[in-house]
Amino acid sequence: MHNPKFHIFPLSILNMGIGGIVERIFAGKWIAGPGIKDAVRRTKQLNALGMSAIINYIGEDLTDKREIAEAVSTNLRLINEIRKSKLQASVSLKLTALGLRVSKSMARKNYNRIVGAARRRRVFVWIDAESQDTVDDAISIFESQARRGGVGITVQAYLRSGERNLARLFKKKAPVRIVKGAYKESGKIAFDTRKETTGNYRVLMREAFTHLREFTVATHDDSLIKEALELNRSHRRRVTYAMLNGIRNGYAAELAAQGNSVAIYVPFGTRWLGYSLRRLREESHLVLVLRSLLGG
Ligand SMILES: Cc1cc2nc3c(=O)[nH]c(=O)nc-3n(C[C@H](O)[C@H](O)[C@H](O)COP(=O)(O)OP(=O)(O)OC[C@H]3O[C@@H](n4cnc5c(N)ncnc54)[C@H](O)[C@@H]3O)c2cc1C
């Protein structure tokens, strides 16, 4: 974990061979690098283009107490660095990196500690959405801090419960980030097709326009972004358009240049493989990966 190079997971088959190739070609495209300084460097580039960053220290499903403590301390250092360098950036947390797989109380304690430090330094904190078995715990941990402000949470449109989850969050009037969803879920839990997921995203987005003053449309899907831009002509909400680092960042820069609020999700750290494989998996549009490699 402390290897300054990207960490290779013990998947021997991927080790060095395919792993090395994936690291060089894909991880480098999507991930800022192993350390805080890499996230800071990428954020400065984005800020210079009028975009903010949503920075994530990569890690999930941690159960080793030392690794969890390291995730907490890295996020605290990151928050200090954002403040010190006056970056336009928020921090995004995965609760399973803060101990949710060990116990809800451990994750809550660590989350509260990070949010407390972030509030003092006026840094906004997001909660990432993870696999469906964590969603209720994440919402309830979020709700405990939501009224005090400075925090937002992610809602996945591929979940059949997405609309219900969003309605629950409206009560807190807190910012939400709407995504399609990136984990493998059964058909009972999640929509089977991209078309259904996109349809449900549209439903959630319209609901957000009705009930929230401020939210984030996190997608690379032009049809959804165009619809949001259109809806906002009449609704006049504080909408941020967010994309992943290395995917359609040229389009993101165009949106920013047109005067929209735009944020790029910037992961950093050494545990890059799980994140990169999720990106690869969803690229049934491998063509899109190639396109993003060629031009962003
Ligand atoms: C800022 C941000 C934060 C996220 N946070 C989370 C999270 O917390 N939890 C979670 O589960 N998921 C998260 N995701 C991932 C998300 O759930 C999706 O897996 C991911 O965004 C891909 O879905 P999509 O909405 O871009 O649409 P897709 O259905 O993948 O793509 C739709 C269309 O977008 C266009 N497009 C997509 N990629 C490209 C490309 N490379 N080049 C050109 N056109 C392209 C194409 O027209 C494509 O048909 C996040 C995504 C973003 C952008």
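Residues numbered from 1 in each chain as written. Predicted model: local features only at pLDDT ≥ 70, side-chain atom pairs only at ≥ 80, totals over all residues. Heavy atoms only, no water.

### Here's the deal with the nonpolar core
Formally: Side-chain atoms within 4.5 Å are what join buried Ala, Val, Leu, Ile, Met, Phe, Trp, Tyr and Cys residues into a set we call a nonpolar core. Each residue's exposure class comes from its accessible area (1.4 Å probe, protein chains only) as a fraction of the maximum for that residue type: buried when under 20%, exposed when over 50%, partly exposed otherwise. Any two residues whose heavy atoms approach within 4.5 Å at even a single point are treated as in contact.
If you look at the biggest cluster of nonpolar residues, it comprises 79 residues, and the most contacted ones within it are Tyr111, Phe142 and Val176. Contact partners of Phe142, with chain neighbours within four places excluded, come to Tyr111, Ile127, Val151, Gly152, Ile153, Leu169 and Ala174. Judged by nonpolar contacts, the second largest core, of 14 residues, contains Trp30, Val179, Tyr265 and Trp272.

### Details of the pattern of salt bridges
Using the following cut-off: By definition here, a salt bridge exists when the distance from a side-chain nitrogen of Lys or Arg to a carboxyl oxygen of Asp or Glu is within 4 Å. A helix here means a DSSP run of H or I that spans at least four residues, while a strand means a run of E at least two residues long, and both kinds are numbered starting from the N terminus.
Inspection of the entire model under this criterion finds 17 salt bridges. In this structure, Arg168 and Asp136 form a salt bridge, with 3.6 Å as the shortest nitrogen-oxygen distance. In this pair, Arg168 is assigned in helix 6 (residues 162-170) and Asp136 in helix 5 (residues 135-146), connecting sequence segments 32 residues apart. Exposure remark for Arg168: the relative accessible area of 26% places this residue in the partly exposed category. Residues joined in a network through salt bridges with shared partners are Asp61, Arg101 and Asp133.

### Regarding the packing of helix 6 against helix 7 (residues 194-211)
For clarity, the cut-off: Here an axis means a line fitted to C-alpha atoms, over the contact stretch when the element is a helix, while the angle between two N-to-C directions is reported on a 0 to 180 degree scale. For classification purposes, angles smaller than 35 degrees are called roughly parallel, those larger than 145 roughly antiparallel, those between 65 and 115 roughly perpendicular, and all remaining angles oblique. Handedness of a crossing follows from how the near helix is turned relative to the far one, being left-handed for an anticlockwise turn of less than a right angle and right-handed for a clockwise one.
For the pair helix 6 and helix 7, the least separation of the axes is 10 Å and the interaxial angle reads 15 degrees. Here helix 6 lies roughly parallel to helix 7, going by the angle between them. Of the two elements, helix 6 crosses helix 7, and the hand of that crossing is right-handed. Contact residues: helix 6 offers Gly162, Glu163, Leu166 and Phe170, while helix 7 offers Val203, Leu204, Glu207, Ala208 and His211.

### A short note on the sheet that holds strand 2 (residues 89-93)
Adjacent strands of a sheet pair through backbone hydrogen bonds, lying either parallel or antiparallel. Threshold: Note on pairing: DSSP must find at least two bridges between two strands before they are called paired.
Sheet architecture is closed into a barrel: eight strands sit in the order 1-2-3-4-5-6-7-8, paired in parallel fashion. For this sheet, the mean inter-axis angle between neighbouring strands, taken without regard to orientation, is 25 degrees. In terms of strand pairing, strand 1 (residues 52-57) meets strand 8 (residues 261-268) through six bridges, oriented parallel. Each bridged residue has a counterpart across the sheet, and for Tyr57 the counterpart in strand 8 is Phe268. Of the strands in this sheet, strand 1, strand 2 and strand 8 are in contact with helix 2 (residues 36-48), which crosses strand 1 at around 165 degrees. Packed onto the sheet, helix 4 (residues 104-120) meets strand 2, strand 3 (125-127) and strand 4 (151-156) and runs at close to 150 degrees relative to strand 3.

### A short note on the pairing of strand 1
Applicable threshold: When the strands point away from the viewer, a crossover counts as right-handed if the path from the first strand over the helix to the second runs clockwise.
Among the six residues of strand 1, five are classified as buried, and the element is accordingly described as predominantly covered. Bridge analysis of strand 1 against strand 2 gives three bridges, and the strand direction is parallel. Opposite Ile54, over in strand 2, you have Ser90 as the bridge partner. Handedness of the crossover is the feature at issue here: the chain leaves strand 1, passes through helix 3 (residues 65-84), returns alongside strand 2, and the resulting connection is right-handed.

### A short note on the packing of aromatic side chains
Two descriptors summarise a pair of aromatic rings, namely the distance from one centre to the other and the angle between the planes of the rings. Filter applied, for reference: Each aromatic pair joins two rings of Phe, Tyr and Trp (for Trp, the six-membered one) with centres within 6.5 Å, and gets the label stacked for planes under 30 degrees apart, edge-to-face for over 60, and tilted for any other angle. Either the NZ atom of lysine or the CZ atom of arginine qualifies as a charge over a ring when it sits within 6 Å of the ring centre and within 35 degrees of the ring normal.
For the coordinates displayed, the defined rule picks out three aromatic pairs. When the ring of Phe124 is compared with that of Trp126, the centres are 5.1 Å apart and the planes differ by 70 degrees; the resulting orientation is edge-to-face. On the accessibility criterion, Trp126 (5% relative accessible area) is buried. Residues Phe209 and Phe215 carry aromatic rings whose centres are separated by 4.9 Å and whose planes lie at 90 degrees to one another, so their mutual orientation is edge-to-face. Each of the two residues, Phe209 as well as Phe215, counts as buried. Here the basic side chain of Arg177 rests over the ring of Trp126, its NZ or CZ set 5.4 Å away from the ring centre.

### Here we look at helix 9 (residues 249-257)
Because the α-helix completes a turn every 3.6 residues, residues three or four places apart line up on one side. The condition is simple: This arc describes the spread of directions from the helix axis toward the C-beta atoms.
Along helix 9, the residues classified as buried are Asn249, Tyr251, Ala252, Leu255 and Ala256. Each buried residue of helix 9 lies within a common arc of 155 degrees when the element is viewed along its axis, so the set occupies one face.

### Quick look at the environment of Asn80
What counts here: Distance and chemistry together define a polar contact, namely a pair of N or O atoms within 3.5 Å, with one atom able to donate a hydrogen and the other to accept it when in protein, and with adjacent residues in sequence counting only for side-chain atoms on both sides.
Residue position: Asn80 is located in helix 3. Here the alpha-carbon distance between Asn80 and Ala118, two residues 38 residues apart in the chain, equals 8.3 Å. A polar atom in the side chain of Asn80 sits 2.5 Å from the side chain of Arg121.

### Regarding the side chain of Thr198
Structurally, the position occupied by Thr198 is in helix 7. We classify Thr198 as buried; its relative accessible area is 13%. Every residue in contact with Thr198, bar those within four places of it in the chain, is listed here: Lys180, Asp221 and Leu224.

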